[in-house]
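Tertiary structure, described
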Amino acid sequence: MSPIERHKFLQNFTYESKKTAFLVLGGIFSEGVDLKGDRLIGSMVISVGMPGVSDERNLIKTHFDLISHNGFDYSYTYPGLNKIFQAAGRLIRGEKDKGIIYLIDDRFLWDKYRRLYPRHWSNIREVKNKKELKILVERFWNKGE
């Protein structure tokens, strides 16, 4: 999209609209998007955002492995999580903003990832079925939990 097309696209998301968009993690809308208030109330992240295998990433992995660090984490896990945090950051842009971030991948429950989440992500819930999801979402929007 050109800058003008991006601007027009974002103008679709008003305080009154009920639109849904599907965007690529780490794509052109991962930075500089400011949909405050009720213009953006939910974000669904499907996968842990791990970058593709490349020679550059493998060089980073080798470097950190040689200095007794987990090179895979430095070259793949941490950059992937950074994309997740950026996506979450699009949702909460001001003090009064409120929304739900859905993390869709079993790996988000692994201790390896959970240890890296910000402290304010302490209320992450694993949802087993649609009924439980519906209850949690309604409770969140009705009571602010």
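About the thresholds
- Residues numbered from 1 in each chain as written.
- Predicted model: local features only at pLDDT ≥ 70, side-chain atom pairs only at ≥ 80, totals over all residues.
- Heavy atoms only, no water.
- Helix = DSSP H or I, 4+ residues; strand = E, 2+ residues; numbered from the N terminus.
- Contact = heavy atoms within 4.5 Å.
- pLDDT = per-residue confidence, 0-100.
- Phe/Tyr/Trp six-rings, centres within 6.5 Å; stacked < 30°, edge-to-face > 60°.

**Quick look at the side chain of Thr77**
With respect to the helices, strands and loops of the structure, Thr77 is situated in helix H3 (residues 71–91). Sequence-distant contacts of Thr77, defined by excluding residues within four places in its chain, comprise Phe72, Lys112 and Tyr113.

**Considering the confidence of the model for the chain**
Across the chain, the average pLDDT comes to 86, with 97% of residues at or above 70. Per-element confidence in the chain is highest for helix H2 (residues 55–66), whose mean pLDDT is 97, and lowest for strand E1 (residues 42–46), whose mean pLDDT is 84.

**A short note on the packing of aromatic side chains**
One pass over the full model with this rule turns up eight aromatic pairs. Connected via pairs of aromatic rings, a cluster forms that spans Phe64, Tyr74 and Tyr78.

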